[in-house]
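Chains, contacts and geometry: an overview
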Amino acid sequence: MSAQQRRESVLAAAVEEFANGGLTGTSTEAIATRAGISQPYLFRLFPTKKALFIAVVESSFARTAALFEQVAGERTGKAALDAMKESYSGLLADRSYLLTQLHAYAGCYDPDVRVATRSGFRRLWETVERITGLPVDELRFFFAHGMLINVSVAMDLSAVDDRWAQIICSPTFLNPLLEPDGSTEPDGSTGPASSTGPTSTVDELPAVPR
């Protein structure tokens, strides 16, 4: 196995461990063990635990941006945004990806992690802005709604049988292609949920990355 392949193997192991413990609570020994290497070799690839965490943060944002680029293809505007929304559910099926992303924000108490997280978020924003060409207000709402879905999935709210949780997890909130009656429009667009600005109920909000 080449050094690059070993580095990728360590990054994959680090994602799993950091998803559970974050920057502070994760040991390099656990990462090395999962990757099947010694700690000294791990530190030959990444000089510090923080450097490894930052590499994981960077790869997480890069993975999302690359997916958005791929699924958008030649689309622009609302069509491109809808493709990004739909594809994001696949990423969130990987719980380690989701929790590592949230740990990136939680780790912003550290100045270096904060810089890396800002940089990754900036790249993601600029990717969506460039591809879609949509107004800033729509982009802002896209990301804000996406963060609500992130924390909803992290808390597994769909399993909570309380009114507040079920409102947040309603199908028209979580699935950008569903209409309020649960049907899907042939062209993939939404009915009332395609509004470009905030509305009065959760069910009417335009869906965003999950």
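Structure shown above.
About the thresholds
- Residues numbered from 1 in each chain as written.
- Predicted model: local features only at pLDDT ≥ 70, side-chain atom pairs only at ≥ 80, totals over all residues.
- Heavy atoms only, no water.
- Helix = DSSP H or I, 4+ residues; strand = E, 2+ residues; numbered from the N terminus.
- Buried < 20%, exposed > 50% of the residue type's maximum accessible area, 1.4 Å probe, protein only.
- Contact = heavy atoms within 4.5 Å.
- Areas by Shrake-Rupley, 256 points an atom, 1.4 Å probe, with all protein chains shown as cover.
- Expected span 1.5 Å × (residues − 1).
- Axes fitted to C-alpha atoms, helices over the stretch in contact; angles between N-to-C directions.
- Parallel < 35°, antiparallel > 145°, perpendicular 65-115°, else oblique.
- Left-handed = near helix turned anticlockwise from the far one by under 90°.
- Nonpolar A, V, L, I, M, F, W, Y, C, P; charged D, E, K, R; others polar.
- Patch = residues over 30% accessible without salt bridge, like charges linked within 9 Å, V, L, I, M, F, W, Y side chains within 5 Å.
- Salt bridge = Lys/Arg side-chain N within 4 Å of Asp/Glu carboxyl O.
- Core = buried A, V, L, I, M, F, W, Y, C linked by side-chain atoms within 4.5 Å.
- Polar contact = N/O pair within 3.5 Å; in protein donor to acceptor, adjacent residues only side chain to side chain.

1. Section: the overall build of the protein chain
- The helix and strand inventory of the protein chain stands at 10 helices and 0 strands.
- Listed by position from the N terminus, the elements making up the protein chain come as α-α-α-α-α-α-α-α-α-α.
- Taken over 210 residues, the protein chain has a buried fraction of 46%.
- A separation threshold of at least 6 residues defines the contact pool for the protein chain, and within that pool the share at least 24 residues apart is 64%.
- Here the protein chain has roughly 10,400 Å² of accessible surface; of this, 54% comes from carbon and sulfur atoms.

2. Here we look at helix 8 (residues 136-154)
- For helix 8, built from 19 residues, the straight-helix expectation of 27 Å at 1.5 Å per residue is met to within 8% by its first-to-last C-alpha distance of 27 Å.
- Within the sequence span of helix 8, burial applies to Glu138, Leu139, Phe141, Phe142, Phe143, His145, Gly146, Ile149, Asn150, Ser152 and Ala154.
- Just past helix 8, the residue Asp156 takes up positive phi, approximately 55°.

3. Regarding the packing of helix 4 (residues 49-72) against helix 6 (residues 95-106)
- Running from N to C, helix 4 and helix 6 cross one another at 120°; their axes reach a closest spacing of 10 Å. Taken together, helix 4 and helix 6 sit at an angle that is classed as oblique. Considering how the two elements wind past one another, helix 4 and helix 6 form a crossing that is left-handed. For the pair formed by helix 4 and helix 6, the contact residues are Phe53, Val56, Val57, Ser60, Phe61, Arg63 and Thr64 on the first element and Tyr97, Thr100, Gln101, His103, Ala104 and Tyr105 on the second.
- Tallied by class, the residues present in the contact of helix 4 with helix 6 amount to 7 nonpolar, 5 polar and 1 charged.

4. Side note on unusual backbone geometry
- Within the chain, Asp156 stands out as a residue other than glycine whose phi angle is a positive 55°.
- Locating Asp156 in the fold gives a position in the loop between helix 8 and helix 9 (163-168).

5. Digging into a nonpolar patch on the surface
- Together, Leu148, Val151 and Met155 make up an exposed nonpolar region whose accessible area comes to about 230 Å².
- Its relative accessible area of 30% is what places Val151 among the partly exposed residues.

6. What about the packing of helix 5 (residues 77-92) against helix 6?
- Orientation of helix 5 relative to helix 6, taken along the N-to-C sense of each, is 95°, at an axis distance of 6 Å. As the angle between them shows, helix 5 and helix 6 are arranged roughly perpendicular. Across the interface between the two elements, Tyr88, Leu91 and Leu92 from helix 5 touch Arg95, Tyr97, Leu98 and Gln101 from helix 6.
- Across the contact of helix 5 with helix 6, the residue classes tally to 5 nonpolar, 1 polar and 1 charged.

7. So, the pattern of salt bridges
- Applying the stated criterion across every chain, the model contains 9 salt bridges.
- Note that Arg63 is salt-bridged to Asp94, the shortest N-O span being 3.3 Å. Here Arg63 is found in helix 4, whereas its partner Asp94 is found in the loop between helix 5 and helix 6, with 31 residues between them in sequence.
- Salt bridges linked by common partners bring Lys50, Asp110 and Asp112 together as one network.

8. Quick notes on the nonpolar core
- The biggest cluster of nonpolar side chains holds 47 residues, and the ones touching the most others in it are Val10, Ile31, Leu52, Met84 and Val128.
- If you list the elements that add at least two residues to this core, you get helix 1 (3-25), helix 2 (28-35), helix 3 (39-45), helix 4, helix 5, helix 6, helix 7 (111-132) and helix 8.
- Looking at this core element by element, the count peaks at 11 residues for helix 4.
- Not counting chain neighbours up to four residues away, the residues in contact with Val10 comprise Ile31, Ala35, Ile37, Leu42, Leu45, Phe46 and Leu52.

9. Describing the environment of Arg114
- Within the secondary structure layout, Arg114 lies in helix 7.
- In sequence terms Arg114 and Ala104 are 10 residues apart; their C-alpha atoms lie 8.1 Å from each other.
- If sequence neighbours within four positions are ignored, Arg114 has contacts with Cys108 and Tyr109.
- Looking at Arg114, its side chain comes within polar contact range of the main-chain oxygen of Cys108, at 2.7 Å.

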